[in-house]
Amino acid sequence: QSSVTLSGTIDAYAGSIRMAGDAGRKSVINSGGMTTSWFGFSGTEDLGGGLKAGFALTSFIQVDNGTQGRFPNDTFFSRDANVSLSGGFGTVRLGRWMAPNFLPSVLANPIGDSFVFSPLILHKNVPLFNASGWQATTAADTGWSNQIAYSTPDFGGFKANIQYQFGELPGDNGKKNVGANFFYFGGPLLVTGYYERNQISNPGQGTYLGTTRDDWMLGAAYDFKFVKPYLTYGRSDVNLGTAAMVNLDKGKTLQVGVSAPVGAGKVLASYAMTDLSRSDLDRKTLTVGYDYNLSKRTDAYAMVMHDRITRQDSGTSFGVGIRHRF
Amino acid sequence: QSSVTLSGTIDAYAGSIRMAGDAGRKSVINSGGMTTSWFGFSGTEDLGGGLKAGFALTSFIQVDNGTQGRFPNDTFFSRDANVSLSGGFGTVRLGRWMAPNFLPSVLANPIGDSFVFSPLILHKNVPLFNASGWQATTAADTGWSNQIAYSTPDFGGFKANIQYQFGELPGDNGKKNVGANFFYFGGPLLVTGYYERNQISNPGQGTYLGTTRDDWMLGAAYDFKFVKPYLTYGRSDVNLGTAAMVNLDKGKTLQVGVSAPVGAGKVLASYAMTDLSRSDLDRKTLTVGYDYNLSKRTDAYAMVMHDRITRQDSGTSFGVGIRHRF
Amino acid sequence: QSSVTLSGTIDAYAGSIRMAGDAGRKSVINSGGMTTSWFGFSGTEDLGGGLKAGFALTSFIQVDNGTQGRFPNDTFFSRDANVSLSGGFGTVRLGRWMAPNFLPSVLANPIGDSFVFSPLILHKNVPLFNASGWQATTAADTGWSNQIAYSTPDFGGFKANIQYQFGELPGDNGKKNVGANFFYFGGPLLVTGYYERNQISNPGQGTYLGTTRDDWMLGAAYDFKFVKPYLTYGRSDVNLGTAAMVNLDKGKTLQVGVSAPVGAGKVLASYAMTDLSRSDLDRKTLTVGYDYNLSKRTDAYAMVMHDRITRQDSGTSFGVGIRHRF
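Values in this document were obtained by computation on a predicted structure and should not be read as measured data.

So, how was this worked out
Sequence order as written defines the numbering, with residues in each chain counted from 1. The order in which chains are written sets their letters, starting at A; the order in which ligands are written sets their numbers, starting at 1. A pLDDT threshold of at least 70 governs which residues receive local features in this predicted model, and a stricter bar of 80 or more applies before side-chain atom pairs are shown or counted, although totals over entire chains, interfaces and linings include all residues. Processing note: side-chain calculations cover all non-hydrogen atoms of the structure and skip hydrogens and water entirely. Copy-to-copy superposition: least squares on the C-alpha atoms, limited to residues that have pLDDT of at least 70 in both copies. Pairs of residues are marked as contacts when any of their non-hydrogen atoms sit within 4.5 Å. Two parts placed together each lose some accessible area under a 1.4 Å probe, and adding up what both lose gives the buried area. Salt bridges are defined by distance alone: a side-chain nitrogen of Lys or Arg within 4 Å of a carboxyl oxygen of Asp or Glu. In protein, a polar contact means a hydrogen-donor-capable atom and an acceptor-capable atom, both N or O and within 3.5 Å, with residues adjacent in sequence counting only if both atoms are side-chain atoms; elsewhere, any N or O pair within 3.5 Å suffices. In DSSP terms, a helix is any run of H or I states spanning at least four residues, a strand is any run of E spanning at least two, and both are numbered starting from the N terminus. Partly exposed residues are those whose accessible area sits between 20% and 50% of the maximum for their type, while under 20% is buried and over 50% is exposed, using a 1.4 Å probe and protein chains only. Only when DSSP finds a minimum of two bridges between them are two strands counted as paired. Classification of ring pairs uses Phe, Tyr and Trp, with its six-membered ring standing for Trp, and accepts pairs whose centres are within 6.5 Å; under 30 degrees between planes counts as stacked, over 60 as edge-to-face, and the remaining range as tilted.

**Student:** Break down the relation of the copies chain B and chain C for me, with residues and values.
**Tutor:** Superposing chain B onto chain C takes a rotation of 120 degrees plus a shift of 0.0 Å along the axis, which leaves an RMSD of 0.0 Å. Taken together, the rotation and translation describe the operation of a three-fold axis. Closest approach to the rotation axis within chain B is made by the C-alpha atom of B:Leu6, at a distance of 5.2 Å. By residue overlap, the copies meet through two different surfaces: only 7% of the interface positions of chain B are interface positions in chain C.

**Student:** Provide a residue-level description of the interface of chain C and chain A, including the pertinent values.
**Tutor:** Between chain C and chain A, the contact holds 29 residues from the first and 33 residues from the second. Both sides together, the interface formed by chain C and chain A hides about 2800 Å², and carbon and sulfur atoms give 68% of it. Where chain C touches chain A, the interface holds zero salt bridges. The tally of links from chain C across to chain A stands at nine residue pairs in polar contact (both at pLDDT 80 or more).

**Student:** So what's going on with the relation of the copies chain C and chain A? Residues and values would help.
**Tutor:** The operation relating the two chain copies consists of a rotation about an axis and a shift along that axis. Of the two same-sequence chains, chain C is brought onto chain A (RMSD 0.0 Å, axial shift 0.0 Å) by a rotation of 120 degrees. The overlap is low: 7% of the interface residues of chain C also sit at the interface in chain A, so different surfaces are used on the two sides.

**Student:** Describe the interface of chain B and chain C, naming the residues involved and giving the relevant values.
**Tutor:** One widely used convention gives an interface's size as the accessible area the parts lose upon coming together. Each partner contributes residues to the interface: chain B has 30 residues there, and chain C has 33 residues. Put simply, chain B and chain C have zero salt bridges between them. When contributions to the side of chain B that touches chain C are tallied by element, the ones reaching two or more residues are strand 1 (5–17), strand 2 (26–31), strand 3 (38–48), strand 5 (67–68) and strand 18 (315–325) of chain B. With six residues, strand 1 of chain B is the single largest residue contributor to the side of chain B that touches chain C.

**Student:** So what's going on with the pairing of strand 1 of chain B? Residues and values would help.
**Tutor:** Residues and elements named next belong to chain B. Burial analysis of strand 1 places 11 of its 13 residues in the buried class, which makes it a mostly covered element. In this structure, strand 1 lies alongside strand 3, joined through five bridges in antiparallel fashion. Of the residues in strand 3, the one forming a bridge with Thr5 is Ser42. Where strand 1 lies against strand 18, eight bridges are found, and the strand directions are antiparallel. Bridge pairing in strand 18 places Ala12 opposite Ile322. Two elements, strand 1 and strand 2, share six bridges in a ladder whose sense is antiparallel. In the strand pairing of strand 2, Ala14 is matched with Ile29.

**Student:** If you had to explain the packing of aromatic side chains to someone new, which residues and values would you point to?
**Tutor:** The relation between two aromatic rings is expressed through the spacing of the ring centres and the mutual angle of the planes. In the structure shown here, the tally under the stated rule is 48 aromatic pairs over all chains. Residues B:Phe41 and C:Phe41 carry aromatic rings whose centres are separated by 6.2 Å and whose planes lie at 70 degrees to one another, so their mutual orientation is edge-to-face. Residue B:Phe41 is found in strand 3, and its partner C:Phe41 is found in strand 3 (residues 38–48); the two belong to separate chains. For B:Phe41, a relative accessible area of 0% translates into the label buried. Taking the centre distance of 6.1 Å and the plane angle of 20 degrees together, the rings of C:Phe158 and C:Phe182 count as stacked.

**Student:** Describe unusual backbone geometry, and please don't skip the residues or the numbers.
**Tutor:** Cis rather than trans, the peptide bond between B:Asn202 and B:Pro203 has omega equal to 0 degrees. Along the chain, B:Pro203 falls in the loop between strand 11 (189–200) and strand 12 (208–222). Positive phi values are uncommon outside glycine, yet A:Lys225 reaches one of about 75 degrees. Phi is positive for B:Asn73, which is not a glycine, with a value near 70 degrees. Structurally, B:Asn73 can be placed in the loop between strand 5 and strand 6 (80–87).

**Student:** Now, about the environment of B:Gly263: what can you tell me, with residues and values included?
**Tutor:** All names here are of chain B. When you line up the elements, Gly263 lands in the loop between strand 14 (248–262) and strand 15 (265–276). On the accessibility criterion, Gly263 (75% relative accessible area) is exposed. Sequence separation between Gly263 and Arg311 is 48 residues, and the spatial gap between their C-alpha atoms is 40 Å.

**Student:** I'd like a description of the environment of B:Ala272, backed by residues and values.
**Tutor:** Relative to the assigned elements, B:Ala272 resides in strand 15. For the pair B:Ala272 and B:Met305, spaced 33 residues apart in the sequence, the C-alpha separation amounts to 11 Å.

**Student:** Explain the pairing of strand 14 of chain B to me, and be specific about the residues and the numbers.
**Tutor:** Residue and element names in this part refer to chain B. Inspection of the sheet shows strand 13 (residues 228–239) paired to strand 14 by 12 bridges, in the antiparallel sense. Of the residues in strand 14, the one forming a bridge with Thr232 is Gln255. Alignment of strand 14 against strand 15, held across 12 bridges, turns out to be antiparallel. The residue bridging Ser259 from the neighbouring strand is Leu268, located in strand 15. Counted along the chain from strand 14 to the antiparallel partner strand 15, the turn is two residues long, and its residue Gly263 has a positive phi close to 65 degrees.

In short, shape yes, function no, at least from these values alone.
If you want it as structure tokens, here you go:
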């Protein structure tokens, strides 16, 4: 008999979107205002002797129009496709899984994994297909294919992952992605960070980036109960979008944020600033919103965002949506 | 823990198909003789205070060859991809859902949602890729993306939906699909109808149709127990398939049908006639069949259909199949 | 309520692959070292009177990078997409299902359904996209679309399937795939075999192969408990990869194998030799490995393979992986 769990998150919003560099405003029903919508299957099996086997197959979806994946040509199970063995030694995992950059970025900003309204996530992970030509500062997606990943056990609140993505290029030429991240959960305190050294693109099978791009971030948050401040700082080698992909810029990203319980929900605010030194360009994005819990699994939210990039028209966006977990 | 329901319909038949305008006959094992095969996930959550959250993710499939979608480039969850909030006020839904034309058409003809053998559905929703160049009279698919839809509560058997599809074209130029439908279930009587004003194509993200196309239908059925007659009449702006898509014809479609219990099943018959005034062309399709219930969830069917279009070779098709719901 | 079962197999390995004809070696995390990874839905319904309805929708996946299907342009449910009726008479099935060649090949070699390490499966079903230009000797995939298949009841350990794939080409020109297979399970003895006459390609809707290609195999295994020997012999019309697809070679494939329980697992070895008479070319592949059971549902494995083709560089591959069934 099957022991698999079917789960996911369906998130859709009505909004009006204008990013920095956009020529105009667009009224939309869109997917994933707070969390990129997904569904999938996962399971674990107790093998005895403290050993466990596990798997995950999860898929991103656009619930506004029913399209599979986050963008054209995304793979079907680009969120997770892996098998693992766990024990006292930790966990060894094979397949596609989160990249080192993903969870630290999500946990250390108050708007979490929103690829629409979180300033930090927008700067790091979402290219803009408009006049600004903004490139995600993180080189190799929020998930890595062809990984072998080792996760430590929990040492009094401290955990870490060490991750290696095979380039799988012919002739064993040594091209790869490597990285690590860590998390310290000490009561009200969170400290987290990651480092990545990227040579291989994602998703799917990946190809050589044409160069090596470093990327790191440190982040922290402290829950004072009435208010929870967030802080991140990181640097990255940013592709300027030239064909050769070898002309790299240096990016510095600072993010400060805060969440505060108000009523049955939370007021959220986050500000991110990215400075690209070579191209003398910076981006400043501020989001303020309210997330109201209808239940443990379902919330409604309203967000307003202002987005600015040097020498581009700035833009203001807003959205009102529902997020339902199952 | 997950509260999701996994359900679907698997329908396949052995048949021989020749539509009006086809050059020849084709022996086939095909999918969806009575219902387009699908599978999917759905769920609801009680939020307290009379409120409910719900979602649906459902996908069309071709079970004869395992292909996803109804046709090439259909999206993965083109049947449903939405999230909703329900209460005493009715239901508000965001995402991809049925178009206004779909349920009224299905309920007011005896062969239901068969995209293979229902004359009404064939005329309205299935283009022919043969010499006839037949275009579906309904402009924008049986499902709409990027919707916000409001469904009324049930008022003594009366229900209605008001639906709006955002065009999501840059610059907020106001292009959209709007429509509504209603249903009255009064004991043995069904009365239903819809109106659509279409500017945006479907499925997927959609593009501007290049013009505005109106489409409406009224339908009724009355269950005398020993026999149930069906009637529909509607009009639509029909695209003649010209590149510019602005040269519209006026279509009128009349359908009469009947179902009658015989043994453990039902004899079904439906005749649809569509008249295209400008192109002096009409299509006349008659289907007669028997649908036998093997259980509440599984039936077997046999259908014969004759299809005729002005100035085209006419065609006769038949099929014997199994439909299984899970 | 739904009665569907969600099941699958997730198999991933770390390895180094060099097939005969490859220019170099490749270090990989890959999917499906022992079983091509898949997931899917299936169910049966008791209709009373000894009748049962059933369906299966199953999908191949690449868990190393999350890609859907076995190869580019594979269909979503290429493993199974069918509906069936069963009773005392046997089973009638409509849709996509295994081809006649698949199960006999899998059961009569000790490395089963491994498309990476089973020499027999590699020769018969896996083309090489390298200098060798190796073509799968079996013409029409391991699954057939558009099938009607009849499965006999079990006669004292003997079962057979008769299978017909409609070509679905216009004008009813009679192009089709036909085939049959049988299985005799008599205590420790297995005898199996198949015959196929192929005119239609797979997967998906299929097209005419341009010629008729015959393919057959006989196989046996006997379980002496301390050791289980395997033997297969078969012949096939092999496409030499010319554009016209009419220049066929004659292939003969012999496979001998053995499995033996050692500890909580089994030592496995299999050797396959295919001789192509017209092109004076043969391929010899030997795999030796160990498959260790972590539980009934989960195993770990290590395989080494040597692969040789006339006039090509030979290659040695190895892999260590985990297979988890759910």
